[in-house]
Amino acid sequence: MATRLDRAQVVDTALRLLNEVGLEGLTLRRLAQELHVQAPALYWHFAGKQALLDEMATAIQRQLDESAGHPEPGAPWQDWYRESFRLLRRALLRYRDGAKVFGGTRLTSVAHAARQEEQLRLMTDAGFTPGAAARALFLGYTFTMGFVTEEQAVHPMPDERAPGYDIVDRVARLAPEHPLAAQVSTDLFADYPARFEEGLAAVTAGVEATLLRRG
């Protein structure tokens, strides 16, 4: 007798398969083959690929929330603000095309609201208005999502480098006519952890300068 599928089993398998075939290769038909069922069996749980992606994003969010600790009382808001987005980046990098899967989806649970409430509370305690706190968090989120999307174009998985992003080759092609563009190749396509920290520091400083309530 065939084992009945449940949503969690389908999502777990989809996330594992994502690391093998990427977002474009992840189809309901391919997923059904992996689960040894006919494709219509998946439509009992998901109306289509977007519904599946929504549930996958929710699973990633759940993993993120479970990995996040709680800030120490009185800790500077800048410290946990930056750490929140480091955690998001790590959660996305666990999966091939993780940022593409996560971005633009609709979470299917409100469980993430507990952590959001905590973040907003910490920022309002630090002097932000609720609206400014929300916008500050959104800026950090969009920076991280955009950064990881570009990072995963170069490194689909942390130990892989996509074709077309060889730095030596880029320098050789650009240097004769575009020496400055060639010169910055390493700045653009190498050492992503350091570049992320640099950008995150800039976002944090900008948030403090423009959104934190003064006086």
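Residues numbered from 1 in each chain as written. Predicted model: local features only at pLDDT ≥ 70, side-chain atom pairs only at ≥ 80, totals over all residues. Heavy atoms only, no water.

If you check an unreviewed UniProt entry, the protein chain appears there as TetR family transcriptional regulator from Streptomyces boncukensis.

### A word on the packing of aromatic side chains
According to the stated counting rule, one finds nine aromatic pairs in the structure shown. Taken together, a centroid distance of 5.0 Å and an interplanar angle of 75° make the contact between Y81 and F85 edge-to-face. Of this pair, Y81 and F85 both sit in helix 5 (residues 77-93), four residues apart, roughly one helical turn. The buried category is assigned to F85, whose relative accessible area is 6%. Ring geometry for F147 against Y192: centres 6.0 Å apart, planes inclined by 80°, an arrangement best described as edge-to-face. (Phe/Tyr/Trp six-rings, centres within 6.5 Å; stacked < 30°, edge-to-face > 60°. Helix = DSSP H or I, 4+ residues; strand = E, 2+ residues; numbered from the N terminus. Buried < 20%, exposed > 50% of the residue type's maximum accessible area, 1.4 Å probe, protein only.)

### Notes on the side chain of S185
By the element assignment, S185 lies in helix 11 (residues 185-189). Judged by its relative accessible area of 0%, S185 falls in the buried class. Setting aside chain neighbours within four positions, we find S185 in contact with I167, R170 and V171. (Contact = heavy atoms within 4.5 Å.)

### Digging into the UniProt feature "DNA-binding region" (unreviewed entry) in the protein chain
UniProt's feature table lists "DNA-binding region" (unreviewed entry) at residues 27-46, given in the numbering used throughout. The straight-line gap between the two end C-alpha atoms of residues 27-46 is 12 Å; of that span, 60% is helix and 0% is strand. (UniProt positions renumbered as here; feature names shortened; annotations may be inferred.)

### Overview of unusual backbone geometry
Excluding glycine, residues mostly carry a negative phi; peptide bonds, for their part, are mostly trans. Unlike most non-glycine residues, D97 shows phi in positive territory, near 60°. Its location among the elements puts D97 in the loop between helix 5 and helix 6 (98-102). Taking relative accessible area as the criterion, D97 reaches 17% and is therefore assigned buried. Located in the positive-phi region is D191, a residue other than glycine, with phi close to 55°. Of the residues examined, D191 reaches a relative accessible area of 51% and is grouped as exposed.

### Topic: the layout of surface pockets
Approximately 520 Å³ is the volume attributed to the largest pocket. Residue lining of the largest pocket: 19 residues in total, with Q61, H112, Q116, Q119 and Y141 positioned closest to the centre. Looking at the lining of the largest pocket, the elements with two or more residues in it are helix 4 (49-67), helix 5, helix 7 (113-125) and helix 8 (130-154). Of the residues contributing to the lining of the largest pocket, the split by class is 10 nonpolar, seven polar and two charged. (1 Å grid on protein atoms, 1.4 Å probe; cavity = no way out; pocket = protein on both sides within 12 Å on 5 of 7 lines; lining within 4 Å. Points joined across faces, edges and corners; volume = space filled by probe spheres on them. Nonpolar A, V, L, I, M, F, W, Y, C, P; charged D, E, K, R; others polar.)

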